[in-house]
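This is what each chain is made of:
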Amino acid sequence: MAVTLQNPEGLATVDLYRHLSVATGSKLVFIAGQVACDPDGVTIGKDDLAAQVEQCYINIGTALAAAGATFHDVAKLTVYLVDWTPDKMPLLREGIARAAAKLGTLPTPPLTGVGVAALAGPDLLVEVEATAIID
């Protein structure tokens, strides 16, 4: 594995992600922001943040597999959330947990959440991009 995830002493522990990833691999994989669309381009989970988060993570998993990688190789995630407020955190957690169950892994690399006004389509609530490092 080319990425080691850590929560260093002196930083608050967060169960949703790890604060630090140390990469030793030589191949970088950059995955464009993935939205909640199925392979046919149909938006999944209109007005359902948890369902959309789940689909975004599933799409990231599909892209990782195409590169010969898994979530264990992800060094950083960025999550863009439309009209984000802290009261939506349980829905974000639920979507990640549902995706983790389907993927068979808990994706906990460093994560930055960014509140945005809108995404590329009117029904999209979240977009996730990833950077992975593989040997």
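Parameters at a glance
- Residues numbered from 1 in each chain as written.
- Predicted model: local features only at pLDDT ≥ 70, side-chain atom pairs only at ≥ 80, totals over all residues.
- Heavy atoms only, no water.
- Helix = DSSP H or I, 4+ residues; strand = E, 2+ residues; numbered from the N terminus.
- Rg over C-alpha atoms; globule rule 2.2 N^0.38 Å.
- Buried < 20%, exposed > 50% of the residue type's maximum accessible area, 1.4 Å probe, protein only.
- Lys, Arg positive; Asp, Glu negative; His and termini not counted.
- Charge placed at Lys NZ, Arg CZ, Asp CG, Glu CD.
- Salt bridge = Lys/Arg side-chain N within 4 Å of Asp/Glu carboxyl O.
- Phe/Tyr/Trp six-rings, centres within 6.5 Å; stacked < 30°, edge-to-face > 60°.
- Pairing = 2+ DSSP bridges.
- Axes fitted to C-alpha atoms, helices over the stretch in contact; angles between N-to-C directions.
- Contact = heavy atoms within 4.5 Å.
- Expected span 1.5 Å × (residues − 1).
- Polar contact = N/O pair within 3.5 Å; in protein donor to acceptor, adjacent residues only side chain to side chain.

Peer 1: Help me understand the overall build of the protein chain in this model?
Peer 2: Each helix and strand in the protein chain was counted, giving 2 helices and 6 strands. Beginning at the N terminus, the succession of helices and strands in the protein chain can be written as β-β-β-α-β-α-β-β. The C-alpha atoms of the protein chain give a radius of gyration of 14 Å, which matches the 14 Å a tight globule of 135 residues would have. For the protein chain, the C-alpha atoms occupy an extent of roughly 40 × 35 × 25 Å along the three principal directions. A total of 135 residues make up the protein chain; the buried ones form 40% of that total. The average position of the 8 basic charges and that of the 15 acidic charges among the side chains of the protein chain differ by 2 Å.

Peer 1: How should the pattern of salt bridges be read in this particular structure?
Peer 2: Side chains that differ in sign of charge can pair as their charged atoms come close. Here the structure, examined in full by the defined rule, presents 5 salt bridges. Arginine 98 serves as the salt-bridge partner of glutamate 54, at 2.9 Å between the closest nitrogen and oxygen. One end of the pair, glutamate 54, is in helix H1 (residues 49–66); the other, arginine 98, is in helix H2 (residues 89–103), with 44 residues separating them in the sequence. As a salt-bridge pair, lysine 102 and glutamate 54 come within 2.7 Å of each other at their nearest N and O atoms. Pair noted here: lysine 102 is in helix H2 and glutamate 54 is in helix H1, with a separation of 48 residues, a long-range link. In this structure glutamate 54 comes out as buried when scored by relative accessible area, which is 10%.

Peer 1: Hey, could you run me through the packing of aromatic side chains in this one?
Peer 2: How two aromatic rings sit relative to each other is set out by the distance from centre to centre and by the angle between their planes. Evaluated as defined, the whole model comprises 1 aromatic pair. Their ring planes at 10 degrees and their centres at 5.8 Å tell us that tyrosine 57 and phenylalanine 71 sit as a pair that is stacked. Remark: phenylalanine 71 occurs in the loop between H1 and strand S4 (74–82) and tyrosine 57 occurs in helix H1; sequence separation between them is 14 residues. The pair tyrosine 57 / phenylalanine 71 is uniform in exposure class, with both members buried.

Peer 1: How should the sheet that holds S4 be read in this particular structure?
Peer 2: Within a sheet, each strand pairs with its neighbour through backbone hydrogen bonds, oriented either parallel or antiparallel. The strand order across the open sheet built from 4 strands is S3-S6-S4-S5, with neighbouring strands paired in mixed fashion. Two strands bound the open sheet, and with one partner strand each, they are strand S3 (27–34) and strand S5 (111–116). In this sheet, neighbouring strand axes are inclined to one another by 10 degrees on average, regardless of whether the strands run parallel or antiparallel. Of the strand pairs in this sheet, S4 and strand S6 (residues 126–134) are connected by 7 bridges, and their pairing is antiparallel. Following the sheet pairing, threonine 78 is matched in S6 by glutamate 129. Against the sheet, H1 touches S3, S4, S5 and S6, its axis set at about 30 degrees to S6.

Peer 1: Help me out: how do you make sense of H1 in this one?
Peer 2: Since the α-helix advances by 3.6 residues per turn, residues separated by three or four positions end up pointing in the same direction. For H1, with 18 residues, the first-to-last C-alpha span of 26 Å sits near the 26 Å given by 1.5 Å per residue. Counting buried positions along H1 yields 13 of 18 residues, so the element is predominantly enclosed. Of the residues that open H1, the one with a side-chain oxygen 3.3 Å from the backbone nitrogen of alanine 50 is aspartate 48. Count one or two residues on from H1 and you reach glycine 68, which has phi positive near 80 degrees.

Peer 1: For this particular structure, what's the right way to read the environment of alanine 132?
Peer 2: Along the polypeptide, alanine 132 turns up in strand S6. Exposure remark for alanine 132: the relative accessible area of 1% places this residue in the buried category. With sequence-adjacent residues up to four places away left out, alanine 132 is seen in contact with Lys27, Leu28, Val29, Leu64, Asp73, Val74 and Ala75.

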